[in-house]
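Listed below, chain by chain, are the residues.
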Amino acid sequence: MAQELWWASPSFWRKTAIWVTGFSFVVLIFLTFDTVKQITAGSPRVPAYSVINQRIDYVFDEKRNFQVPVVGPEEPLFGQKLSEAEAATLVNHGKLTTQAKNCMNCHTLLGNGSYYAPDLTKSWLDPSWGSKEVREQSMVEFLMDPTDKLHNAVGRRMPNLGITEAEARATVAFLKWMASIDTNGFPANFKPIDQADAPEPATAEPVADAAPVQQ
Amino acid sequence: MSALGILSNANLNGGQKLAVKYFSVAVALFGAQVLFGLLAGIQYLNPDFLFGILDFSVNRMLHINAMVVWLLFGFIGSVYWLLEDESGVPVVGLWLGNLIFWIFTLAVVVVVLVYLLIQVGPGELKSIWLINEGREYIEAPRWADIGIVVCVLAFFYNVAATFAKGRFTGVGGVLVLDLIALAGLYLAGMWYTPNISMDQHWWWWVIHLWVEATWEVLVGCLMAYGLIKTMGVRRKIVETWLYIEVALMFGSGILGLGHHYFWIGTPEYWFTIGGFFSALEPIPLVAMVVHAVFDAGHHKLKSTNNPALAWIIAQAFGNFFGAGVWGFMHTLPQINLYTHGTQWTASHGHLAFFGAYATMVIAFLYIAIQRWRGGVYMSGNLVGAWKWKWAIFLLHLGMITMVMGLLIAGYEQSQIERAIGGSDWVAYFTAQAHRWFVQGMFWRQVGGWLFAAGFVLLAWDLMTIGKRETRPALQHPAAETGA
């Protein structure tokens, strides 16, 4: 038999496999340290939970060439300014609710989950809530008993998941906080609800009536 | 050894007796996956179907969880199947393996019953511990997570101790190291945080590094063993290929994790790293196709087990197209911005999980049934061969129909909802109501029924294949099967 070619030998490829795997893993670990630091709540990319005390918008950034969350003037959720600890407790309750109610097996959050219902990444900013004045209450009422609300023309409805008022308010806080996360421009081309200080004319309607109707 | 064609445990070694238990539960769970997939698919077409009784979220959770667990059971069974053959010694601590099998199975039954009967809980930690963790693919409540870790550790002990006591082949070495990674990674998904970015970041460690790295290497090991068994390919050749595949798989897949870090709050450098390395991920899958097809051609498709060989070849192509091509199509951030979270992902998920993993477990089911029936003939002109041929055909036809239906729905969604509409509520439902979407979902359901028919035929075939055969299995030339 001819002499074995080095590049076709098992030992060469075994060593290559070990080195490549080890190197990739080490690089991943280094990047993970940096990434975890950058996505810890309270960082520029992932704001502290008390951001729910302020207006959150989603605006096109010329320099980065995509939309980014913009934290605006004070606009406390449900009209009540919370301390960092109170805000964290509320958002935590909201996150627990989204998990316990299995939201991700119909919806997507940050684009991950299931595709049976709309993405919730920027749901706080969705124009379908009508106006910013009625948004919070509309969201709470919708979450507590969605079945009788108009959703869409394809006939899909959200079931009644037994969400209490406290859970609904906490979920809204979680959704508002999630809208402040810098998601590198996802979703693109999103047109947020008008949050200008001048009140909208009376045509603005709550979600139950403003929800889209398709033909 | 009992008579040819008769199903008897006397034909099996210790590990294999345990393997067939895992295989039996795996097939039942495969059936559950198909059933709940059909129900969820119907709900897309008729949203009132089972509304308030078994909502889409419950059906979809059961659909994907049944899949994860039946594949895990299939993998664990396959490893027990090859363990004594590869190591040359009886499984160390087999009693523990048997005990763990019953505990694992019982835990799965309890989790499924809770999913079905309780479904959701209050927004408290105890719901996550007892009912449902609410995180896609790893919904199993925390108590079950801990149970899974204990089971996997016991399984790992069986495997590592058996190889350590007997012969550590190349396949065995890769397998043991891979199982360490596989078990360790699961821990990354076992903690709660209110921070959704952090949650998703670690969740992907489990999902991606399982599905696109450690599971791929595991099926690489299974393929190596399968090729040796069905065609008598020389061990040195398959093991060299296995090392090449591991190098390419981990070299691309570990940092390919970054393609899930585009939009979850993680930094922008993942665009470059994730885009680049995930674009390389199809390369090892090409290597696997070349390997399998070359070996099959080299042996002129002469195998001791034609159905198993057919499923191994199906795996090579399914893995390449499902995981490789369908993954590559939307992996770059420039396109993923519009396809992320649409039916495009569902199309990829269906073809990849079936092509890469279901196929390999099915190949092992056929390898197992042959031995279980006393090494019965399963090559050309097999009695009743129409069943396995129609099963593989219907399962593929159904899957391809589903995948194409979902892909067209995904194209439409990424255009209408994402690119034009901007992903808000109105845009979402505008896309869902579009006739291309509705047609896509209709054909997906047709594909689902075809797939279900294929599953029924497969299950029937597995129960009957070789039953009426009186010929013994073909043998490989002895020289090729040696170490």
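You'll find the structure just up there.
Treat the numbers as computed from the prediction; the structure is a model and nothing was measured. (Residues numbered from 1 in each chain as written. Chains lettered and ligands numbered in written order. Predicted model: local features only at pLDDT ≥ 70, side-chain atom pairs only at ≥ 80, totals over all residues.)

Now for the overall build of chain B. A count of helical and extended segments in chain B gives 17 helices and zero strands. A burial count over chain B gives 60% of its 483 residues as buried. Nonlocal contacts in chain B, meaning residues at least 24 apart in sequence, comprise 79% of its contacts between residues at least 6 apart. (Helix = DSSP H or I, 4+ residues; strand = E, 2+ residues; numbered from the N terminus. Buried ≥ 20, exposed ≤ 12 C-beta atoms within 10 Å, placed from the backbone. Contact = placed C-beta atoms within 7 Å.)

Right, let's get into the pairing of strand β1 (residues 54-61) of chain A. Sheet faces and side chains relate simply in a regular strand, where the side chains alternate between the two faces. Residue and element names in this part refer to chain A. Where β1 and strand β2 (residues 66-74) come together, seven bridges link them in antiparallel fashion. Among the inter-strand pairings, Y58 is bridged to a residue of β2, identified as P69. Between β1 and β2, which follow one another and run antiparallel, lie four residues, and N65 among them has a positive phi close to 65°. (Pairing = 2+ DSSP bridges.)

This part is about helix α14 (residues 385-420) of chain B. All names here are of chain B. Here α14 spans 51 Å end to end across 36 residues, near enough to the 52 Å set by a 1.5 Å rise per residue. The largest bend in α14 amounts to roughly 30° and is located at Q413. One or two positions beyond α14, positive phi appears at G422, with a value near 80°. (Expected span 1.5 Å × (residues − 1). Bend = angle between axes of the 7 residues up to and from the residue.)

All names here are of chain A. Relative to the helices and strands, S180 resides in the loop between α4 (165-179) and α5 (207-210). C-beta crowding within 10 Å serves as the criterion here: with 22 such atoms nearby, S180 is assigned to the buried category. Distance in space between the C-alpha atoms of S180 and T164 is 25 Å, their sequence separation being 16 residues. Leave out the neighbours within four places in its chain, and S180 touches P47, V51, I56, P69 and V71.

Moving on, we get to the interface of chain A and chain B. Bring the parts together and some accessible area is lost; that lost area is often taken as the interface size. With 71 residues of chain A in contact, the opposing surface of chain B contributes 68 residues. Sorting the residues of the side of chain A that touches chain B by element identifies α1 (10-38), α2 (84-100), β3 (108-109), β4 (112-113) and α4 of chain A as the ones contributing at least two each. Per-element tally for the side of chain A that touches chain B: the top contributor is α1(A), with 13 residues. For the side of chain A that touches chain B, the class distribution of residues is 35 nonpolar, 25 polar and 11 charged. (Nonpolar A, V, L, I, M, F, W, Y, C, P; charged D, E, K, R; others polar.)

Owing to its 3.6 residues per turn, the α-helix brings residues three or four apart onto one side. All names here are of chain B. Given a rise of 1.5 Å per residue, 32 residues ought to cover 46 Å, and the 46 Å separating the end C-alpha atoms of helix α2 (residues 56-87) matches this to within 8%. Of all the bends in α2, the largest measures some 25° and sits at W81. Of all 32 residues in α2, 31 are buried; the element is thus mostly enclosed. At the exit of α2 stands G88, carrying a positive phi of roughly 80°.

Read these as spatial facts, not as claims about activity.
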